[in-house]
Amino acid sequence: MPDEGQSGGTRPDLVFVPRGICFVRDWDARLAREGMTTLERSLPLSPHEHHLGFWLPARTPAQLGSAEWQDQLQLLRDLIRETSENAEHRHAV
């Protein structure tokens, strides 16, 4: 079962974004437009260099409607799905 950096490691395709800054609000606003919940509710907070935050596809969301945004959105949906599957697995063990 390959876990790509799920155990606290970093994935090369993700960027750390500390919570409580404008970039997290930008992501939350964009996710709301897609009918999704906030980062706080969908992804685990991760510690990184004395901060708590989230590992995201980029510091800020790409331009709305762009191919890059579609890629970011797909990656986020995959991360959220992996997070919920891992949480279910931990509860089942």
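The following paragraphs examine the structure supplied in this document. (Residues numbered from 1 in each chain as written. Predicted model: local features only at pLDDT ≥ 70, side-chain atom pairs only at ≥ 80, totals over all residues. Heavy atoms only, no water.)

1. Overview of unusual backbone geometry
A positive phi angle, near 50°, is found at Glu49, a position not held by glycine. Relative to the assigned elements, Glu49 resides in the loop between strand S2 (46-48) and strand S3 (51-56). On the accessibility criterion, Glu49 (61% relative accessible area) is exposed. (Helix = DSSP H or I, 4+ residues; strand = E, 2+ residues; numbered from the N terminus. Buried < 20%, exposed > 50% of the residue type's maximum accessible area, 1.4 Å probe, protein only.)

2. Re the pattern of salt bridges
Taken as a whole and assessed by the stated rule, the structure comprises three salt bridges. As a salt-bridge pair, Glu85 and Arg81 come within 3.8 Å of each other at their nearest N and O atoms. One end of the pair is Glu85 and the other is Arg81, both in helix H3 (residues 67-92) and four residues apart, which spans about a single turn. Judged by its relative accessible area of 42%, Arg81 falls in the partly exposed class. Connected via shared salt-bridge partners are Asp78, Arg81 and Glu85. (Salt bridge = Lys/Arg side-chain N within 4 Å of Asp/Glu carboxyl O.)

3. So, the sheet that holds S3
The strand order across the open sheet formed by three strands is S1-S3-S2, and the pairing between neighbours is antiparallel. Among the strands making up the open sheet, the edge pair consists of strand S1 (15-18) and S2. Each neighbouring strand pair of the sheet contributes to a mean axis angle of 55°, computed without reference to strand direction. Alignment of S2 against S3, held across three bridges, turns out to be antiparallel. Following the sheet pairing, Pro47 is matched in S3 by Leu52. (Pairing = 2+ DSSP bridges. Axes fitted to C-alpha atoms, helices over the stretch in contact; angles between N-to-C directions.)

4. Some remarks on the environment of Pro12
Among the secondary structure elements, Pro12 is positioned in the segment before S1. Separated by 45 residues in the primary sequence, Pro12 and Pro57 have C-alpha atoms spaced 9.6 Å apart.

5. Considering the side chain of Arg30
Following the sequence through the fold, Arg30 ends up in helix H1 (residues 22-33). Here Arg30 sits buried without a salt bridge, and the closest side chain of opposite charge, Glu34, lies 6.5 Å off (N-O distance). If sequence neighbours within four positions are ignored, Arg30 has contacts with Pro61, Ala62, Gln63, Leu64 and Trp69. (Lys, Arg positive; Asp, Glu negative; His and termini not counted. Contact = heavy atoms within 4.5 Å.)

6. Regarding the pairing of S3
Pairing geometry for S1 and S3, over four bridges, is antiparallel. Looking at S3, one finds that Val17 is bridged to Phe54. Hairpin geometry of S2 and S3 is characterised by an intervening segment of two residues between the two adjacent antiparallel strands and by a positive phi of about 50° at Glu49.

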